[in-house]
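What the coordinates show
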Amino acid sequence: MPQSDFIHLHNHTYFSLLDGAQSIKDLVNGAKKHDMSAVALTDHGVMFGAYDFYKTAKAAGIKPIIGCEIYIVSEGSRYDREAINDPSGKRKVYHHLILLAKDETGYRNLMKLVSKGHTEGFYYKPRIDLELLREHRDGLIAMSACAGGVISPYLIAGDFEKAKTVAGLYKDIFDTDFYVEIQNHHLPIEQKVLASAPKLAKEMGLKLICTNDVHYALPEHATAHNVLMYIKDADKDSPPDVLKLKYGTPEYYFRSPKEMKALFGEYEDAIENTLEIAERCNVTISKELKLPSFPIPEGSGVKTLDEYLEKVTWEGIDKRYRLVNS
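Below is a short write-up of the structure. Quick caveat: nothing in here was measured; it's all calculated off a predicted structure. (Residues numbered from 1 in each chain as written. Predicted model: local features only at pLDDT ≥ 70, side-chain atom pairs only at ≥ 80, totals over all residues. Heavy atoms only, no water.)

1. A word on unusual backbone geometry
What counts is decided by this rule: Working definition: helices are DSSP H or I runs of at least four residues, strands are E runs of at least two. Numbering for both runs from the N terminus.
Unlike most non-glycine residues, Ala145 shows phi in positive territory, near 70 degrees. Counting through the fold element by element, Ala145 comes out in the loop between β8 (140–143) and α5 (152–156). The phi dihedral of His186 is positive, around 65 degrees, even though this residue is not glycine. Assignment of secondary structure puts His186 in the loop between β9 (178–182) and α7 (188–204).

Below, the structure written as structure tokens:
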């Protein structure tokens, strides 16, 4: 059976909490339906579904590309707790960036970045910064993401030079592993990106990549997805109009390769580069059970871990309840 000449590399499942409306099985079935040899998982800020996705894709004969759409502070530190003026005119505390693991090193680094985003940089979202990205860049491919990504807001605002400056930061970190991402859900802001991104990529010596920012399996799922997104607005005074799509279009579904080529026909390299990235991403997750070692403290007077657990349990009970018992 001939394989697809396009691979989806920007996809969300229900692990993108209150934003993704498809299961991992739906995502893998979409790839299988369209004869794709691989497919990526890039949930928002988390890797909750990575292992389930890996097993499901492998069982279906499809290469799993493990990634994440991370939240990043491009200017400033992950420790900052103040919003900045985004070119869009909105106050923002992060932008988006897609990271894909090329190998086991990249997979481990991606886990570290996501973990530190939650433990060190959490402010509205689990954020990282350029310092962390430089520290854990090995084995990773980066894509500039959607209209809320690291480059697009400047292109939308018409600040081409600032967009080039920001692209230069990521090129410095990833070199040829940084791709300029373009999307087309027929939104006006995306047309501004499409008008400038190819020029930026050419001037910066970077490659284009096209994606569809998949949030649900089929176009008819757009309303259900919209209802999901409105859950967080349930405490508002007036009920939301769930038929009014927050994303403004029902096109965030798993498009066929034919549809993607029709959308990006004039950017053949952006289509071909999806295959290039898929070819370069090869992560194998070991089935070996890895647990930390907890040595028994010297002088504890016990010989086994079970005995030590019993010891500290009774010590804790005595500490917490001795007043009651007395």
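2. So, the pairing of strand β7 (residues 125–129)
The cut-off we apply is this: Each residue gets one of three labels from its accessible area relative to the maximum for its type: buried under 20%, exposed over 50%, partly exposed in between, using a 1.4 Å probe on protein chains only. Strand pairing follows a simple DSSP-based rule, namely that at least 2 bridges must link the two strands.
In terms of burial, β7 is largely enclosed, as four of its five residues are buried. Here strand β2 (residues 63–73) pairs with β7 via three bridges, running parallel. Opposite Ile72, over in β7, you have Ile128 as the bridge partner. Pairing geometry for strand β6 (residues 122–123) and β7, over two bridges, is antiparallel. Along β7, the bridge assignment pairs Phe122 with Pro126. Taken together, β6 and the strand that follows it, β7, pair antiparallel across an intervening segment of one residue, in which Tyr124 is found at a positive phi of about 70 degrees.

3. What to know about the packing of aromatic side chains
Short version of the rule: Two aromatic rings from Phe, Tyr or Trp, using only the six-membered ring of Trp, form a pair when their centres are within 6.5 Å; if the ring planes differ by under 30 degrees the pair is stacked, by over 60 it is edge-to-face, and anything between is tilted. By definition, being over a ring means that NZ of Lys or CZ of Arg is both within 6 Å of the ring centre and within 35 degrees of the ring normal.
What the rule picks out here adds up to five aromatic pairs. Look at Tyr123 and Tyr124: their rings are 4.8 Å apart centre to centre, the planes differ by 80 degrees, and that puts the pair in the edge-to-face class. Ring centres 4.8 Å apart and planes at 55 degrees place the aromatic pair Tyr247 and Tyr252 in the tilted group. The ring of Phe160 has Lys199 lying over it, and the distance from NZ or CZ to the ring centre is 4.8 Å.

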